[in-house]
There are 2 protein chains.
Amino acid sequence: MPTQRLPLRDRLELKVKVTVMKKLFMVGTGPGNLDYLVPLAQRAILESSDIVGYGLYIDLLGDLVKNKTCHTSNLGQETERVKLALDLASEGRVTALVSSGDIGIYAMASLAYELLDRHPKAEWFDVSIETIPGVSAMQAAASKIGAPLGHDFCTISMSDLLTPWESIEKRLHAAGQGDFVVAIYNPVSKTRNWQINHAREILLEYRPSDTPVVIAKNLTRENETVNVVSLLDVAAKDLDMLTTLIIGSSDTRTLSVQNTQRIYTPRGYSKVLK
Amino acid sequence: MPTQRLPLRDRLELKVKVTVMKKLFMVGTGPGNLDYLVPLAQRAILESSDIVGYGLYIDLLGDLVKNKTCHTSNLGQETERVKLALDLASEGRVTALVSSGDIGIYAMASLAYELLDRHPKAEWFDVSIETIPGVSAMQAAASKIGAPLGHDFCTISMSDLLTPWESIEKRLHAAGQGDFVVAIYNPVSKTRNWQINHAREILLEYRPSDTPVVIAKNLTRENETVNVVSLLDVAAKDLDMLTTLIIGSSDTRTLSVQNTQRIYTPRGYSKVLK
């Protein structure tokens, strides 16, 4: 029997179908400066006709989003933003949903899958999703001050909007018991400020009051500041929504290099060095 | 009084001094594929005359290191590698110490500061160190399979070469108690294989046997594999040195999108969605 071939019209249709494959990029844009945007993320943005994200993050993309349809929204409208991105992509528009840092860490990628899982629209399942990771705030902060994430660490968000405070508290105690370095995301917001002070008190049950803490703001952007304080001196009043903290473990140490304070968490090589 | 000016010779010397500023870049090269190398890292490598690193990682840099003096060494020679990089930089050679993933996470940056702190040579303190973060293996793994790092997580290395097993065990218990997603680095090595099986047993005390676990190998490189298994089925015999694991928390869920299994850890938006 001869191999069956599709009639020409069907073959052309097949080709057309491949060409209009529906595509959503979920892109982590890094801490802000485009020097930290991975090439794959840059290409995804350039290939997209529509960009969806929080206004500040889209602004930081500068010329990369020139001549693109930008759908900006405010902080707190995460669900609307992700639904819009899935809707646009399912209409056949190549769309990039952007988020600062790593879109897979406390950001929109998880919400997209949560929507697909719990509140899906049938047409969203026609969309091919490609996620592109980025440098997260804690990594940029660490790189600027030394190597505080050099050994086992955990990340905890202080936002109790969607996570009960009891769960956050349980994780802070676990972080203390396990002697993890602790990266803190979302330490305060406009309507929320007592949690970080409470976290400080919990961790002080497990580690010394002079444990070094990195406080980083506006990383890789104008007005970047990266300071080291003692755990005892961490206070909500000194922090804002663009702040990331890294709280040392009992092993974390400070030293001075060229009159600049550095902080690092050793793997323990010095034990085996002569 | 007229403004005092330096004599011409002194001004020239000043200029020469600035030009030969001693520089060490510590560069995280990401998971492997150059599509994940941040532009700042690319520039640092291009600006360097000498590249120091593990052979495989330098090979992955391809044309970027053409015509540069590459100092390759084997795994396990970390201390020699970092000392060499500091020595070369202090001799005035612009040097890049490279490490796959993020050089600040279980990699060479922490060791460099450990040497400066505990076993310093005076001339190393003349070197200006610039650290450039990269996409770590867990982030690449997460992006390929969904969003398992979408909520609080911790990272634990299974290497007990420098960390006593009791400390690792304590952290595994803490991770279980705190219900963190757990990223596992260095699950096995050529000479070390029982730790990950032990870790599985500890975490099974705290979470169900069908907890989803991501097993990722050769991320972003040829022969990349990213699979999901149940916690009960994690076994050292299936892993190698280039494997990263992400073990879900009790909240982590799986779903199927376009016949592909996806895994994500929700922030909890579905609680407030209609």
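Residues numbered from 1 in each chain as written. Chains lettered and ligands numbered in written order. Predicted model: local features only at pLDDT ≥ 70, side-chain atom pairs only at ≥ 80, totals over all residues. Heavy atoms only, no water.

**A look at the confidence of the model for chain A**
Low pLDDT means the predicted coordinates in that region are not meant to be read closely.
So, step 1. When the pLDDT values of chain A are averaged, the result is 93; 92% of them are 70 or greater.
So, step 2. With pTM at 0.93, the complex prediction returns an ipTM value of 0.92. (pLDDT = per-residue confidence, 0-100.)

**Brief notes about the sheet that holds strand E8 (residues 181–185) of chain B**
So, step 1. Across the sheet, 10 strands lie side by side as E10(A)-E9(A)-E11(A)-E8(A)-E7(A)-E7(B)-E8(B)-E11(B)-E9(B)-E10(B); this open sheet has mixed pairing. Only two strands of the sheet have a single partner each, and these edge strands are strand E10 (225–230) of chain A together with strand E10 (225–230) of chain B. Strand-to-strand, the axes of this sheet are offset by a mean angle of 20 degrees, without reference to chain direction.
So, step 2. Alignment of strand E9 (residues 212–217) of chain A against E10(A), held across six bridges, turns out to be antiparallel. Paired with Ala216(A) across the bridge in E10(A) is Val226(A).
So, step 3. Running at roughly 65 degrees to strand E11 (residues 243–247) of chain A, helix H6 (residues 137–145) of chain A makes contact with strand E7 (153–157), strand E8 (181–185), E9, E10 and E11 of chain A together with strand E7 (153–157) of chain B of the sheet. (Pairing = 2+ DSSP bridges. Helix = DSSP H or I, 4+ residues; strand = E, 2+ residues; numbered from the N terminus. Axes fitted to C-alpha atoms, helices over the stretch in contact; angles between N-to-C directions. Contact = heavy atoms within 4.5 Å.)

**With respect to the interface of chain B and chain A**
So, step 1. On the chain A side, the residues contacting the 78 residues of chain B number 78 residues.
So, step 2. For the chain B and chain A pair, buried surface summed over both sides reaches about 7,300 Å², with 55% attributable to carbon and sulfur atoms.
So, step 3. For the pair chain B and chain A, the interface holds six salt bridges.
So, step 4. Our count for the contact surface shared by chain B and chain A stands at 41 residue pairs in polar contact (both at pLDDT 80 or more).
So, step 5. Ranked by residues supplied to the side of chain B that touches chain A, first place goes to helix H5 (residues 108–118) of chain B with nine residues.
So, step 6. Residues belonging to the side of chain B that touches chain A are distributed by class as follows: 36 nonpolar, 25 polar and 17 charged.
So, step 7. With three bridges connecting them, E7(A) and E7(B) associate as antiparallel partners. Residue pairing for E7(B): Thr155(A) is matched across the bridge by Phe153(B). (Buried area = accessible area lost by both parts, 1.4 Å probe. Salt bridge = Lys/Arg side-chain N within 4 Å of Asp/Glu carboxyl O. Polar contact = N/O pair within 3.5 Å; in protein donor to acceptor, adjacent residues only side chain to side chain. Nonpolar A, V, L, I, M, F, W, Y, C, P; charged D, E, K, R; others polar.)

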